[in-house]
Amino acid sequence: SRKFAQGKSPIRVYQSWMKSNPVVASELTYGDVVNESEGGMIARSENDWYRHVSRLCENGDLRRELGKRGREYMKPRTYETNYKMWENAYLSLLGG
């Protein structure tokens, strides 16, 4: 259903980008994050899915560029980047 698709987490997209892989994603579920990152292509129809996947299979430079954009988008969102913030939050909860 539409509500179910809208409620999905973008974790699959994030996992792909952490490995520098581009994504082809549905607009309804992942459109906002894919458009913001420029790390993939949006499929609005069956034909789009076919065209986008085919294009990525045939064009290594495009695959690498979209994967790189996705990885860059993820950099400020990783545990490695934010561990100190989380550590400070936990310590403040513990009174330290």
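Here the structure is a predicted model, which is why all the values come from computation and not from measurement. (Residues numbered from 1 in each chain as written. Predicted model: local features only at pLDDT ≥ 70, side-chain atom pairs only at ≥ 80, totals over all residues. Heavy atoms only, no water.)

K.L.:
For this particular structure, what's the right way to read the pairing of strand β2 (residues 40-43)?
P.N.:
Relative to β2, strand β1 (residues 23-26) runs parallel, the two being bridged by four bridges. Across the sheet, Ser 26 pairs through a bridge with Ala 43, a residue of β2. In this fold, the crossover linking β1 to β2 by way of helix α3 (residues 27-37) has right-handed handedness. (Pairing = 2+ DSSP bridges. Helix = DSSP H or I, 4+ residues; strand = E, 2+ residues; numbered from the N terminus. Right-handed = clockwise from strand over helix to strand, strands pointing away.)

K.L.:
Mind showing me how you'd approach the packing of aromatic side chains here?
P.N.:
Centre-to-centre distance and the angle between the planes together describe a pair of aromatic rings. Across all of its chains, the model carries four aromatic pairs by this definition. Among the aromatic residues, those joined into a cluster by ring pairs are Tyr 14, Trp 17 and Tyr 73. Looking at Arg 77, its charged tip hangs above the ring of Tyr 73, at a distance of 3.7 Å from the centre. (Phe/Tyr/Trp six-rings, centres within 6.5 Å; stacked < 30°, edge-to-face > 60°. Lys NZ or Arg CZ within 6 Å of the ring centre and 35° of its normal.)

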